[in-house]
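As a plain string of letters, each chain reads:
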Amino acid sequence: MPRVEIPSPFHLSPGQLRRLRRRLLAWFAANGRDMPWRRSRRPYPILVSEIMLQQTQVERVEPKWRAFLKAFPSLNRLAQAPRRDVIVLWDGLGYNLRAVRLHLLAQRISRERHGRLPRTLEELRALPGVGPYTASALACFAFGVDTPVVDTNIERVLRRLFAADPSDPDAPITKRRGATLAAALLPAGRSRDWNLALMDLGAQVCAPRQPRCGACPLAAWCTARAAFAAPRRQAGSQPRSPSTPGGPRRLSRRPAVRFENSNRYYRGRIVKLLRSLAPHESVPLSQLGRRIKADFTVADRAWLGKELRKMAREGLLEVRRKNGRSHVAMPS
Ligand code: SF4
């Protein structure tokens with residue numbers, strides 16, 4: 001019988017591959033997560049959900065997604081809205097730059113394509129601010145293109161399922177290998193359900209720390225299953241990767257910077273402060289430092305000036321002259 005060449009320790013026959021797909025799709029039909037954007041086939045709501053979900057959890061995205069679509073029901077309406085309103089509505093999602101990029105994208109598509117997103121993977125990839133993952137997700141979920149979508153959940157399932165070293169199922173794999181595996185498994189004509197099924201399996205069963213292999217529809221084909229069927233841990237001990245006897249995999253030797261000391265934290269504080277202002281209000285630059293950092297000193301001025309210039313370039317704020325003094329405000 002001819003075998004399907006999958007670049008992994010496992011080579012599945014066409015029959016095995018059919019069974020594997022059938023098993024996962026049946027599991028998805030019974031266990032797939034219900035999310036409002038999954039009920040939509042309109043590209044714009046799917047685009048908004050994909051941008052919001054990039055760095056924010058599903059539970060936090062859901063109410064924000066509804067509010068955003070109520071305020072800006074179409075790409076053209078979003079394009080016409082003041083930047084300030086878009087950033088204000090982004091409150092609670094974090095990574096505010098995504099709001100600016102989404103707004104810029106809407107303006108461009110409104111201007112150049114009458115508010116209609118392109119339909120092909122190549123055109124979607126060429127859009128500013130749309131990375132390879134978002135382009136694939138849009139092509140698949142909004143336009144029904146048969147293409148793999150590899151997010152962190154899917155990548156984890158694939159690397160475990162076809163682990164090159166079964167004793168180290170969480171060894172990182174390259175993006176290219178993830179894409180190759182995902183493409184080899186993709187059932188033509190069922191890409192949408194298939195990608196969502198893998199995503200949900202990664203989120204609900206093949207969890208990062210403690211996969212529930214006993215409940216996994218793919219366990220029969222999985223290289224990593226034996227490694228995770230380790231002896232029960234003693235109460236109170238930390239779960240760890242099967243191949244890292246010394247503890248969790250070490251990712252970096254650089255000392256971690258506390259979030260409260262990071263530039264991201266202070267950028268968030270600046271946007272939060274500006275959000276709290278009425279549309280015509282601004283903050284004198286001379287007061288801004290103390291209002292976002294309790295121990296702000298003269299020595300912090302250069303750092304703050306650099307961050308403000310960067311944020312102004314990114315479109316997150318404006319620095320204006322008013323009565324001979326510099327003021328910081330939301331973009332108009
Ligand atoms: S058997 Fe376990 S490790 Fe393998 S895919 Fe399923 S949950 Fe993940």
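Basis of the calculations
- Residues numbered from 1 in each chain as written.
- Predicted model: local features only at pLDDT ≥ 70, side-chain atom pairs only at ≥ 80, totals over all residues.
- Helix = DSSP H or I, 4+ residues; strand = E, 2+ residues; numbered from the N terminus.
- Buried ≥ 20, exposed ≤ 12 C-beta atoms within 10 Å, placed from the backbone.
- Near = placed C-beta within 6 Å.
- Nonpolar A, V, L, I, M, F, W, Y, C, P; charged D, E, K, R; others polar.
- Core = buried A, V, L, I, M, F, W, Y, C linked by C-beta atoms within 7 Å.
- Contact = placed C-beta atoms within 7 Å.
- Pairing = 2+ DSSP bridges.
- Axes fitted to C-alpha atoms, helices over the stretch in contact; angles between N-to-C directions.
- Parallel < 35°, antiparallel > 145°, perpendicular 65-115°, else oblique.
- Expected span 1.5 Å × (residues − 1).
- Left-handed = near helix turned anticlockwise from the far one by under 90°.

Caption draft 1: Focus on the overall build of the chain. Scanning the chain from terminus to terminus reveals 15 helices and three strands. Counting over 332 residues, the chain shows a buried share of 28%.

Caption draft 2: Quick peek at the site of the ligand. Taken together, the neighbourhood of the ligand is formed by 14 residues, with Cys206, Pro211, Cys213, Cys216 and Cys222 sitting nearest. Per element, the largest residue contribution to the shell around the ligand is three residues, and it comes from helix α9 (residues 152–161). Of the residues assigned to the shell around the ligand, the class counts are 12 nonpolar, no polar and two charged.

Caption draft 3: Just unusual backbone geometry, in detail. With a phi close to 45 degrees, Tyr95 is a non-glycine residue in the positive phi region. Mapped onto the fold, Tyr95 is located in the loop between α5 (83–89) and α6 (97–113). On the basis of neighbour count, Tyr95 is assigned to the partly exposed category, with 16 C-beta atoms found within 10 Å. The backbone of His114 shows a phi angle near 55 degrees, a positive value even though the residue is not glycine.

Caption draft 4: Just the nonpolar core, in detail. Val48, Leu138 and Ile154 are the most contacted members of the largest nonpolar core, which totals 68 residues. If one sorts the elements of this core by residue count, helix α8 (residues 132–143) sits on top with seven residues. What Leu138 contacts, discounting residues up to four positions off in sequence, is Pro43, Ile46, Leu47, Glu50, Leu117 and Leu124.

Caption draft 5: View of the environment of Ala278. With respect to the helices and strands, Ala278 occurs in the loop between α13 (263–275) and β1 (283–284). Of the residues examined, Ala278 has 7 C-beta atoms within 10 Å and is grouped as exposed. The spatial distance from the C-alpha of Ala278 to the C-alpha of Ala329 is 9.8 Å, given a sequence separation of 51 residues.

Caption draft 6: Inspection of the sheet that holds strand β3 (residues 325–329) at higher detail. The strand order β1-β3-β2 describes an open sheet built from three strands, whose pairing is antiparallel. A single partner strand is all that each edge strand has here, and the edge strands are β1 and β2 (318–322). Two elements, β1 and β3, share two bridges in a ladder whose sense is antiparallel. In the strand pairing of β3, Pro284 is matched with His327.

Caption draft 7: Region of the structure containing the packing of helix α1 (residues 14–31) against helix α11 (residues 191–204). The interhelical angle for the contact between α1 and α11, taken along N-to-C directions, is 70 degrees, at an axis separation of 9 Å. Relative to α11, α1 is oriented roughly perpendicular. Here Leu24, Leu25, Trp27, Phe28 and Asn31 of α1 come into contact with α11, specifically with Asp193, Trp194, Leu196, Ala197, Asp200, Leu201 and Gln204. Across the contact of α1 with α11, the residue classes tally to eight nonpolar, two polar and two charged.

Caption draft 8: How the structure looks around α8. In this model, α8 (12 residues) spans 16 Å end to end at C-alpha, consistent with the 16 Å of a helix rising 1.5 Å per residue. Taken residue by residue, α8 has Ala135, Ser136, Ala137, Leu138, Ala139, Cys140, Phe141 and Ala142 as its buried positions. Packed against the buried residues of α8 are α2 (43–53), α7 (121–125) and α11. Downstream of α8 by one or two residues, Gly144 has phi in the positive range, about 70 degrees.

Caption draft 9: Quick look at the pairing of β2. One ladder, built from five bridges, connects β2 with β3; its direction is antiparallel. Bridged to Arg320 within β3 is His327. Linking β2 back to β3 in an antiparallel pair, the connection comprises two residues, with Asn323 at a positive phi of about 50 degrees.

Caption draft 10: Layout of α11. With 14 residues, α11 should reach 20 Å at 1.5 Å per residue; the first-to-last C-alpha distance of 20 Å fits that figure. For α11, the secondary structure elements touched by its buried residues are α1, α8 and α9.

Caption draft 11: Up close: the packing of α2 against helix α3 (residues 58–71). One can describe the packing of α2 onto α3 by two numbers: an axis separation of 10 Å at closest approach and a directional angle of 140 degrees. The pairing of α2 with α3 is recorded here as oblique in orientation. α2 and α3 meet at a crossing whose hand is right-handed. Where α2 approaches α3, its residues Pro45, Val48, Ser49, Met52 and Leu53 are matched on the opposing element by Val58, Val61, Lys64, Trp65, Phe68 and Leu69. Class assignment of the residues belonging to the contact of α2 with α3 gives a composition of nine nonpolar, one polar and one charged.

Distances and angles like these do not, on their own, reveal function.
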